[in-house]
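Architecture at a glance
Chain by chain, the residues run as shown.
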Amino acid sequence: ETGVTQSPTHLIKTRGQQVTLRCSSQSGHNTVSWYQQALGQGPQFIFQYYREEENGRGNFPPRFSGLQFPNYSSELNVNALELDDSALYLCASSLFGTGAYEQYFGPGTRLTVT
Amino acid sequence: AQKVTQAQTEISVVEKEDVTLDCVYETRDTTYYLFWYKQPPSGELVFLIRRNSFDEQNEISGRYSWNFQKSTSSFNFTITASQVVDSAVYFCALPPRGEYGNKLVFGAGTILRVKS
């Protein structure tokens, strides 16, 4: 069973630039959620993708966008980067259905905006 | 709105001590799930447990145990005979209102340091 993978591991960008982060979901999972974790804080839900469509969004501006592909992998895009976007971005996959179910997280991408 | 409070910012214990991590939550849902995750220094969140609001029976899994009390909206986590490898940040979480477990509202986390 292949776990959740994310790329790149680390990234340094300049304010105003755009960035794309990638996530491969765990085998058998059809849903991907993205979280932002600022230093010293708990993860905050950005959005979720299921069947290649956004299925819920947290309190994040439209410059945060995403995609899900037919193989259930996903991308997180952030436009017009701001200094406050510096954080650990976590991707989590799960199997959509009734009832609660745990998410499996990837190791994250550490984004630094200078 | 859902809210999770982990009042303990950081706890330091000596190896083999027992330690309890507190979690207090707020929800208007009548049925809901609660979660604990562990984040070691590597950064990857590791799922520990999921409990539903129907079942207040406490659970033990090896050195880990959980005390869920609906009356006080608490879902505390205890590590018995702590080990250095338990050092990590521990997060309590619950889903947004009406949602299931794959969208989570996390607490701020408790840093656990276990010294040898």
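In this report, the structure presented in the accompanying data block is examined. (Residues numbered from 1 in each chain as written. Chains lettered and ligands numbered in written order. Predicted model: local features only at pLDDT ≥ 70, side-chain atom pairs only at ≥ 80, totals over all residues. Heavy atoms only, no water.)

**A word on the layout of surface pockets**
What counts, and what does not: For cavity detection a 1 Å grid was placed over the protein atoms alone, and a set of points counts as a cavity when a 1.4 Å probe fits there but cannot get out; an open set counts as a pocket when protein lies on both sides within 12 Å along at least five of seven lines, with lining residues being those that have an atom within 4 Å of a point. Grid points are joined across faces, edges and corners, and a volume is the space filled by probe spheres set on the points. Numbered from the N terminus, helices here are DSSP runs of H or I no shorter than four residues, and strands are runs of E no shorter than two. Amino acids are sorted into nonpolar (Ala, Val, Leu, Ile, Met, Phe, Trp, Tyr, Cys and Pro), charged (Asp, Glu, Lys and Arg) and polar (every other residue, Gly among them).
The volume enclosed by the largest pocket comes to roughly 530 Å³. What lines the largest pocket is a set of 26 residues, and nearest its centre among them are Gln37, Leu39 and Gly40 of chain A together with Gln39 and Val89 of chain B. Elements that contribute at least two residues to the lining of the largest pocket include exactly strand E10 (88-94) and strand E12 (110-115) of chain B. When grouped by side-chain class, the residues that make up the lining of the largest pocket number twelve nonpolar, twelve polar and two charged.

**Some words on the interface of chain A and chain B**
Accessible area lost when the parts come together is the quantity often used to give the size of an interface. Spelled out, the test is: Residue contacts are counted whenever heavy atoms from the two residues lie within 4.5 Å of one another. Once two parts are put together, the accessible area they lose, assessed with a 1.4 Å probe and summed over both, is termed the buried area. Only one rule defines a salt bridge in this text: a Lys or Arg side-chain nitrogen within 4 Å of an Asp or Glu carboxyl oxygen. In protein, a polar contact means a hydrogen-donor-capable atom and an acceptor-capable atom, both N or O and within 3.5 Å, with residues adjacent in sequence counting only if both atoms are side-chain atoms; elsewhere, any N or O pair within 3.5 Å suffices.
Each partner contributes residues to the interface: chain A has 25 residues there, and chain B has 19 residues. Between chain A and chain B, the buried area comes to about 1,700 Å², and carbon and sulfur atoms account for 54% of it. Our count for the contact surface shared by chain A and chain B stands at zero salt bridges. If you look at where chain A meets chain B, you find four residue pairs in polar contact (both at pLDDT 80 or more). Of all the secondary structure elements, the ones that give two or more residues to the side of chain A that touches chain B are strand E4 (31-37), strand E5 (44-50), strand E6 (53-57) and strand E9 (87-94) of chain A. The greatest single-element share of the side of chain A that touches chain B, amounting to four residues, is contributed by E4 of chain A. Class assignment for the residues of the side of chain A that touches chain B results in ten nonpolar, 14 polar and one charged.

**Let's talk about the pairing of strand E6 (residues 46-52) of chain B**
Residue and element names in this part refer to chain B. Let me state the cut-off plainly: DSSP calls a pair of strands paired once it identifies at least 2 bridges connecting them.
In this structure, strand E5 (residues 33-39) lies alongside E6, joined through six bridges in antiparallel fashion. When the bridges of E6 are listed, Trp36 appears paired with Ile49. Counted between consecutive antiparallel strands, the loop separating E5 from E6 contains six residues, among which Gly43 sits at a positive phi close to 100°.

**Side note on the environment of Asn77 of chain A**
All names here are of chain A. Here Asn77 shows up in strand E8 (residues 74-78). Expressed as a C-alpha distance, the spacing of Asn77 and Tyr50, which sit 27 residues apart in the sequence, is 17 Å. When near neighbours in sequence (up to four residues on either side) are disregarded, Asn77 contacts Gln18, Val19, Thr20, Arg63, Phe64, Ser65 and Gly66.

**Some words on the side chain of Asp85 of chain A**
Residue and element names in this part refer to chain A. Structurally, the position occupied by Asp85 is in the loop between E8 and E9. A polar side-chain atom of Asp85 sits 2.8 Å from the main-chain amide nitrogen of Glu82. For Asp85, the residues in contact, after removing those within four places along its chain, are Gln36, Arg63, Phe64, Val78, Ala80, Leu111 and Val113.

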